[in-house]
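Per-entry structural report
As a plain string of letters, each chain reads:
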There are 2 protein chains.
Amino acid sequence: MQRPTIKTIAQETGLSIATVSKALKHSPQVRPETRAIVIEAAERVGYELNMHGVQLRTGKTYQVAAIMTAPGPKQNEWEGVEYAQLLSGISWALEDSPYRVSLYAVRNFEESQAVIKQIVSLKKADGIIISGTRADDPRIRTMQAADFPFVTYGTSIHNAPHAYVDADNEQMIRVSMARLTERGHRRIALLNPLSDLSYGITRLEAYRHALDVAGLPYDPALVAHGRLTPAFGRENVLTMSELSNPPTAYICANEASALGAFSGFHERGLVHGRDAVINATDDLNVSQYFAPPITTYYLPISEPSSLLGAYILRRMEGEPPEALQTLLMPNLIERCDDRLNPNR
Amino acid sequence: MQRPTIKTIAQETGLSIATVSKALKHSPQVRPETRAIVIEAAERVGYELNMHGVQLRTGKTYQVAAIMTAPGPKQNEWEGVEYAQLLSGISWALEDSPYRVSLYAVRNFEESQAVIKQIVSLKKADGIIISGTRADDPRIRTMQAADFPFVTYGTSIHNAPHAYVDADNEQMIRVSMARLTERGHRRIALLNPLSDLSYGITRLEAYRHALDVAGLPYDPALVAHGRLTPAFGRENVLTMSELSNPPTAYICANEASALGAFSGFHERGLVHGRDAVINATDDLNVSQYFAPPITTYYLPISEPSSLLGAYILRRMEGEPPEALQTLLMPNLIERCDDRLNPNR
DNA sequence: ATGCACGATAAAAACGTTTAACTTTCTTGT
DNA sequence: ACAAGAAAGTTAAACGTTTTTATCGTGCAT
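What you are looking at is a predicted structure, and each value in this text was computed from that prediction instead of being measured.

**Section: the protein's contact with DNA strand D**
In the region of DNA strand D, 26 residues are neighbours, and Thr19, Lys22 and Thr34 of chain A together with Ser21 and Arg57 of chain B sit closest. Sugar plus phosphate: this is where 61% of the atoms of DNA strand D within 4 Å of the protein reside. Within the contact set of DNA strand D, a phosphate oxygen lies 2.3 Å away from a side-chain nitrogen or oxygen of Thr34 of chain A. Between DNA strand D and the protein, one listed contact pairs a base nitrogen with a backbone N or O atom of Gly53 of chain B at 3.2 Å. Secondary-structure elements contributing two or more residues to the surface near DNA strand D are helix 2 (17-24) and helix 4 (51-58) of chain A together with helix 2 (17-24) and helix 4 (51-58) of chain B. Broken down by class, the residue content of the surface near DNA strand D amounts to 10 nonpolar, nine polar and seven charged.

**Here's the deal with the relation of the copies chain A and chain B**
Between the two copies, chain A and chain B, the superposition gives an RMSD of 0.2 Å; the rotation angle is 180° and the shift along the axis is 0.0 Å. Taken together, the rotation and translation describe the operation of a two-fold axis.

**Let's talk about the protein's contact with DNA strand C**
DNA strand C sits among 26 residues. The nearest are Ser21, Tyr47 and Arg57 of chain A together with Ser16 and Thr34 of chain B. Near the protein, meaning within 4 Å, the atoms of DNA strand C are sugar or phosphate in a fraction of 64%, with bases accounting for the rest. Every element with two or more residues in the surface near DNA strand C is listed here: helix 2 and helix 4 of chain A together with helix 2 and helix 4 of chain B. Here the surface near DNA strand C is composed, by residue class, of 10 nonpolar, 10 polar and six charged.

**Some details on the interface of chain A and chain B**
The partner chain B presents 57 residues to the 57 residues of chain A that form the contact. For the pairing of chain A and chain B, the buried interface totals around 4800 Å² over both sides, and the portion due to carbon and sulfur atoms is 59%. Summed over the shared surface of chain A and chain B, the number is two salt bridges. Arg107 of chain B is the partner of Glu95 of chain A in a salt bridge, and the nearest nitrogen-oxygen pair spans 2.7 Å.

**Overview of the pairing of strand 6 (residues 188-192) of chain B**
Residues and elements named next belong to chain B. Extensive coverage of strand 6 is indicated by the burial of five of its five residues. On strand 6, burial covers both faces: Ile188, Leu190 and Asn192 on one face and Ala189 and Leu191 on the other are all buried. The sheet contact formed by strand 6 and strand 7 (residues 223-225) spans three bridges and is parallel. Bridge pairing links Leu191 to Ala224 in strand 7. In the classification by handedness, the crossover that spans strand 6, the intervening helix 9 (residues 198-214) and the parallel strand 7 is right-handed.

**Topic: helix 4 of chain B**
Three or more residues of helix 4 of chain B are buried, namely His52, Val54 and Gln55 of chain B. Across the axial projection of helix 4 of chain B, the buried residues extend over an arc of 160°, all falling on one side. Residues of helix 4 of chain B that are buried make contact with helix 4 of chain A. Positioned one or two residues after helix 4 of chain B, Gly59 of chain B has a phi angle of 80°, which is positive.

**Re the packing of helix 1 (residues 6-13) of chain B against helix 3 (residues 32-45) of chain B**
Residue and element names in this part refer to chain B. Contact geometry of helix 1 with helix 3 gives a least axis separation of 9 Å together with a crossing angle of 120°. As for the relative orientation of helix 1 and helix 3, their crossing is right-handed in sense. Between helix 1, through Ile9, Glu12 and Thr13, and helix 3, the contact on the second element is made entirely by Ile37, Val38, Ala41, Ala42, Arg44 and Val45. When grouped by side-chain class, the residues that make up the contact of helix 1 with helix 3 number six nonpolar, one polar and two charged.

**Digging into the domain arrangement of chain A**
Residue and element names in this part refer to chain A. According to the domain assignment, chain A contains domain 1 (6-49), domain 2 (63-167 + 302-328) and domain 3 (169-300). Between the C-alpha centres of domain 2 and domain 3 the distance comes to 27 Å. Between domain 2 and domain 3, the residue contacts involve 21 residues of the former and 19 residues of the latter. Carbon and sulfur atoms supply 58% of the area that domain 2 and domain 3 bury against each other, a total of about 1600 Å² over both sides. Taken as a group, Trp78, Glu79 and Ala167 account for 35% of the area that domain 2 buries against domain 3, more than any other trio of residues on that side. Inspection of the domain 2/domain 3 interface yields one salt bridge. We note a salt bridge from Asp196 to Arg134, for which the minimum N-O separation is 3.3 Å. Along the contact surface separating domain 2 from domain 3 lie six residue pairs in polar contact (both at pLDDT 80 or more).

Conventions and cut-offs
- Residues numbered from 1 in each chain as written.
- Chains lettered and ligands numbered in written order.
- Predicted model: local features only at pLDDT ≥ 70, side-chain atom pairs only at ≥ 80, totals over all residues.
- Heavy atoms only, no water.
- Near = heavy atom within 4 Å.
- Polar contact = N/O pair within 3.5 Å; in protein donor to acceptor, adjacent residues only side chain to side chain.
- Helix = DSSP H or I, 4+ residues; strand = E, 2+ residues; numbered from the N terminus.
- Nonpolar A, V, L, I, M, F, W, Y, C, P; charged D, E, K, R; others polar.
- Least-squares fit on C-alpha atoms with pLDDT ≥ 70 in both.
- Contact = heavy atoms within 4.5 Å.
- Buried area = accessible area lost by both parts, 1.4 Å probe.
- Salt bridge = Lys/Arg side-chain N within 4 Å of Asp/Glu carboxyl O.
- Buried < 20%, exposed > 50% of the residue type's maximum accessible area, 1.4 Å probe, protein only.
- Pairing = 2+ DSSP bridges.
- Right-handed = clockwise from strand over helix to strand, strands pointing away.
- Arc of directions from axis to C-beta.
- Axes fitted to C-alpha atoms, helices over the stretch in contact; angles between N-to-C directions.
- Left-handed = near helix turned anticlockwise from the far one by under 90°.
- Domains from an automatic or database assignment.

If you want it as structure tokens, here you go:
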């Protein structure tokens, strides 16, 4: 038994395939009574739209490409794991639409650039979602030049306007720094993502500004940029804690590096709260299980991910990018008092 | 300027589109010289195969559906994060093929069942990859009944034969238990996944068998089943450590629950190595950053994931499932001596 | 010379849908 | 009563492939 097509319905109802097609997509050209007949027949024969026909005819793919930059296959680090939740969040946001998430895993920035060029020029998707945005991101420029719908997870600094979702890194660092300086800290380390990433820059600027406000000097030795793995957190604690004037607080850009920082504490015999404290940004609600639990800025990953999905849908509908820009402020969850220990 | 099609090449070369099509797919019906002309023209005009035409004509989708069971959107736990790496591994394995990974995020088992039925009956993909297999898995039966190509991450017990990749849980538990009993442990807790999952059953059976071999009694109070979140690890340590005869070793099924177990230790004032030890299975190389680092069975997630990709390709080629079954033995990484502390 | 098989290419149909252009019927205003 | 126009359907073409079938020379045996 063959799968029914609009032709089947046409025969079944005695109408032409054109009318059937129009009826099914609620064209005003067909009378409500006729539509009812078509709908009934469609249900009776178990009709389901065949996307391949639609795709060929209309050129639409009904695919949203999610570009996922993950380290090479031989790399097995706790990095980019929040992608799983991000993807499922996007996927759920598209659930009631005809769109599907099509995954493009790339190893690095260059590869993502190439993949995006291909998707755009060969129209392998109708929309693109990327992350890991840079201050001036050539991928964004590619998509903008082709007028291709996209949303970024992360802002860019020089490519506005475009649709984006991000955590409010500026505010987060500002609040975080104010809170720590208020509690007596004068040597605060910043464990930052790779320096070409837009949010790395935002965080660094906010950090420096906060230092200014607090009247504290900027010490480059307290700032590190790198891939946010546990190894990164660990190694920086190991080196920074050996400074003649070591930091009394570490601000980690994610949970992975915070975990690594703890590992560094353990190695050096440092005790959290006594010798120094760790604050982090947390997407996965995992910092509460650290020993001890730490203060975090918690943004449930489901929020940005469902926004990304919603935004790409609206962007593909033609909504202007200016209306699709959101900075989300994570929740401050204080699990330690984080005061500077005076007799350290 | 329009995107070139085989028609473009046909005009360019003076051949018919049929010949062009055949030439491009290396049909023996066309002379090598003719083929060369076609290839040359194709490159000159920058021809790229339009999949929509192919899909409509052949009915193939060139999509591999990856079913990803992740907890609902409102749940923001560290769970299933290894999926990110799994997906990218699969995606890379398909890189040189025309296939793409199409993501289907589902909330629970029932939903995955429905989604799979749909993919199979409407042929929305050419192959399926699932995980979270059960002892007798109705999804597998669905796909088998329709003779639909699939590979599972995880074994099933009653649905053989089918293509699968999994860690060798039986051996892992056997070795793990032998090692711990050898070191004096007589109260060993097992933090297991949900009891309907196939690997949960395998692990439990291996555990009970190992107890028998060691002449130790089976105590249900030392076995827990649940979703492998940090919360799960933590709560079980909290309750089990209060037993009159508490465990001196915990075997955790993943890193998330191991992290939670540590959190439980901290809460109860237990010290790893003194009061009890934790062993875990680790996909993401993260246990080395625990304080202290723990002994783990480490299986880089890239291995099973690239196998999954390779297997689904071969399965779609028609290779019989019996040839596509692999159990991978994780590497034992001893980071503690894990001996029972006699004066605990 | 005639017929035949074969090799190489061309013609045409088909996959399922959308949509521009056309036809028919009905309504309406004069 | 009739033209004009709207409403509701139909016809036919088109999207880019693959594949079955047809065509056309050419070489070969008879």
